[in-house]
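# Report on the structure
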Amino acid sequence: MLRRHQGLRTWLQAVFRSKETPPPLSTTTARSFGDPDQPSFAPLAPRNMSETGGTFPPLQPLPSTSVIDVAGQPTEVIETVSLVRSKPALEVIVFPGNPGSGQFYISYMRSLHEALMKKVGCIRVRTLSHLGHARGVYKPAFYTLEDQVEHKLDFLESYCSDVDAPLLVVGHSIGGYMALEAVKRWQARAGSRRVTRSASKAKGTSRRTHPSDSCRIMALMPYMQFDEDCKKQISLEKLARRPYVPAAVAGFLGLVVPKFLTVRLLTAFDKNLERESAGHVADQLLSYTVGHNAFSLAQDEFRALRGKEIDWGWLRGNKGRIGWVFCPGDHWAPKKLWEQVKGEGGGDFIRFCEDQFHGFCTSARASKGMARLTEEFLGGGRGGDDDDDGL
């Protein structure tokens, strides 16, 4: 027994002596400890540099999730910032579709960095989840389409009025309607305040253009009107009349079905749905409150957009900063809306993409294609009446 204890003591002493003189830090490790003369993020060289053309692969920022206050409402924000030491040269705000969890757009956010960072520099992308659509982040309430539009307007006023960098507002599906409507109201409010303040200011005072006047808007397969001729919209409208029924089903499935099984079933059912997005469905949507809010919003969308006229006057007046993207087989943004936008002159950038689909954010390939379209839009690309672009 004594020999055993002596052997253990000798072994422990040898271990602690080896830790007293640690090996010297490598260059990469030294940078990670905050050497002021070195960049904060130093990528490791790939084993085969020929795979990246002899250059380092672009660094992909990790998304961060936070909860902020927007006019008294707790709001989930997913944010990515380019891994370079500089102020953002471009601010991008993304408004989701329905369901409106920002988690679905992480692949698109990463693709934006990959597509734009070399040309623009530092980029900050923020995706704003709808009220009540982020699990665990909501008040005990159900929100209408008008509530969600005002929520986006409050965010733009509170968090984007003082941005120095160019601003791009992206909206997908019903988020496209929200983006156009929120920017229109933002511009009207900012304009009325400028008129009020101008009386108290001396003439000739220079001021910079307000972001509501200069920001660009990109509507991705926007849901703008209820289509009485679309059988799928009519059937979904009937389902959404009692939102508590599908919400109860979603809540029950979230309680009894394991997440891994849910992911497998979803990916088997929808070939465009990748595992990461299926995981977000299992995490976010299979709860009663989130499901109820998603179907309550759908119910109000059908009610509010039935017979609603599109404000073509405002769209034509701002067509130089508005971009549209459409895809085949889309019952939310049908081809006749694409033709209507072209006919009314609602934008200078209008694309009909044969290789896209409405739920592009659930696919990494489609998200990369949409990021390339975003890059083209920011680069001043113009779409003619017969401009049908694929990925």
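Residues numbered from 1 in each chain as written. Predicted model: local features only at pLDDT ≥ 70, side-chain atom pairs only at ≥ 80, totals over all residues. Heavy atoms only, no water.

## Brief notes about the overall build of the protein
From N to C terminus, the protein includes 14 helices and eight strands. A buried classification covers 46% of the 391 residues belonging to the protein. Summarising the internal contacts of the protein: among those between residues at least 6 apart in sequence, 79% fall at separations of at least 24. (Helix = DSSP H or I, 4+ residues; strand = E, 2+ residues; numbered from the N terminus. Buried < 20%, exposed > 50% of the residue type's maximum accessible area, 1.4 Å probe, protein only. Contact = heavy atoms within 4.5 Å.)

## Some remarks on the sheet that holds strand E8 (residues 349-352)
Taking strand neighbours across the sheet as the criterion, the eight strands line up as E1-E2-E4-E3-E5-E6-E7-E8 in an open arrangement whose pairing is mixed. Taken across any chain shown, the strands that pair with only one partner, and hence form the sheet edges, are strand E1 (64-70) and E8. Each adjacent strand pair in this sheet contributes to an overall mean axis angle of 20 degrees, direction not counted. Pairing analysis gives five bridges linking strand E3 (residues 90-95) to strand E5 (residues 167-172), with the strands arranged parallel. Each residue of the ladder has a partner; that of Glu91, found in E5, is Leu167. Where helix H3 (residues 106-120) meets the sheet, it contacts strand E2 (73-81), E3, strand E4 (123-128), E5 and strand E6 (216-220), and its direction lies at approximately 160 degrees from that of E4. (Pairing = 2+ DSSP bridges. Axes fitted to C-alpha atoms, helices over the stretch in contact; angles between N-to-C directions.)

## Comments concerning the layout of surface pockets
Its volume calculated, the largest pocket comes out at about 1,600 Å³. As for the largest pocket, its lining consists of 43 residues, and the residues nearest its centre are Asn98, Pro99, Asp270, Val281 and Leu285. Per-element accounting of the lining of the largest pocket gives the leading share, six residues, to helix H11 (residues 288-305). Split into classes, the residues belonging to the lining of the largest pocket amount to 27 nonpolar, twelve polar and four charged. (1 Å grid on protein atoms, 1.4 Å probe; cavity = no way out; pocket = protein on both sides within 12 Å on 5 of 7 lines; lining within 4 Å. Points joined across faces, edges and corners; volume = space filled by probe spheres on them. Nonpolar A, V, L, I, M, F, W, Y, C, P; charged D, E, K, R; others polar.)

## Structural notes on the pairing of E1
Relative to E2, E1 is paired through seven bridges, and the arrangement is antiparallel. Paired with Ile68 across the two strands is Thr75, which belongs to E2. The loop that links E1 with its antiparallel partner E2 comprises two residues; one of these, Ala71, has a positive phi angle of about 55 degrees.

## Some points on helix H4 (residues 145-159)
Over its 15 residues, H4 runs 21 Å from end to end, which matches the ideal 21 Å to within 8%, given 1.5 Å per residue. The complete set of buried residues in H4 reads Leu145, Gln148, Val149, His151, Lys152, Leu153, Phe155, Leu156 and Glu157. (Expected span 1.5 Å × (residues − 1).)

## Some words on the packing of helix H9 (residues 259-269) against helix H10 (residues 275-285)
The interhelical angle for the contact between H9 and H10, taken along N-to-C directions, is 125 degrees, at an axis separation of 9 Å. As far as their axial angle goes, H10 and H9 are oblique. Viewed along their axes, H9 and H10 form a crossing whose handedness is right-handed. Residues Lys259, Thr262, Val263, Leu266 and Thr267 of H9 touch H10, and the partners they reach there are Arg275, Ala278, Gly279, Val281, Ala282 and Asp283. A breakdown of the residues in the contact of H9 with H10 according to their chemical character gives five nonpolar, three polar and three charged. (Parallel < 35°, antiparallel > 145°, perpendicular 65-115°, else oblique. Left-handed = near helix turned anticlockwise from the far one by under 90°.)

## Some thoughts on the pairing of strand E7 (residues 322-326)
Taken across its five residues, E7 has five buried, putting it largely inside the fold. Burial along E7 is two-sided: the residues Ile322, Trp324 and Phe326 and Gly323 and Val325 are all buried. As paired elements, E6 and E7 share four bridges and run parallel to each other. By the bridge assignment, Leu220 is partnered in E7 with Val325. Looking at chain direction, E7 and E8 are connected through four bridges and run parallel. Its bridge partner being in E8, Trp324 is matched across the sheet by Ile350. In this fold, the crossover linking E7 to E8 by way of helix H13 (residues 335-344) has right-handed handedness. (Right-handed = clockwise from strand over helix to strand, strands pointing away.)

## Quick notes on the pattern of salt bridges
Working definition: two side chains of opposite charge can pair if their charged atoms are close together. Under the defined criterion, the tally for this structure stands at 19 salt bridges. With a shortest N-O distance of 3.2 Å, Glu91 and Arg126 are connected by a salt bridge. With a gap of 35 residues between them, Glu91 in strand E3 and Arg126 in strand E4 connect regions that are remote in the sequence. As a salt-bridge pair, Glu146 and Arg185 come within 2.8 Å of each other at their nearest N and O atoms. A residue pair is termed long-range when its members are at least 10 positions apart, and Glu146 in helix H4 and Arg185 in helix H5 (residues 174-198) qualify at 39 residues. Taking the relative accessible area as the measure of exposure, Glu146 reaches 40% and is therefore partly exposed. When salt bridges with common partners are traced through the structure, they connect Glu146, Glu150, Glu157, Glu181, Lys184, Arg185, Arg189 and Asp311 into a single cluster. (Salt bridge = Lys/Arg side-chain N within 4 Å of Asp/Glu carboxyl O.)

## Structural notes on the packing of helix H8 (residues 244-256) against H11
With their axes 8 Å apart at the nearest point, H8 and H11 run at an angle of 150 degrees to one another. By the angle class used here, H8 and H11 are roughly antiparallel. The interaxial crossing formed by H8 with H11 has right-handed handedness. Counting all contacts with H8, which are made through Tyr244, Pro246, Ala247, Ala248 and Gly251, the residues of H11 involved are Tyr288, Gly291, His292 and Phe295.

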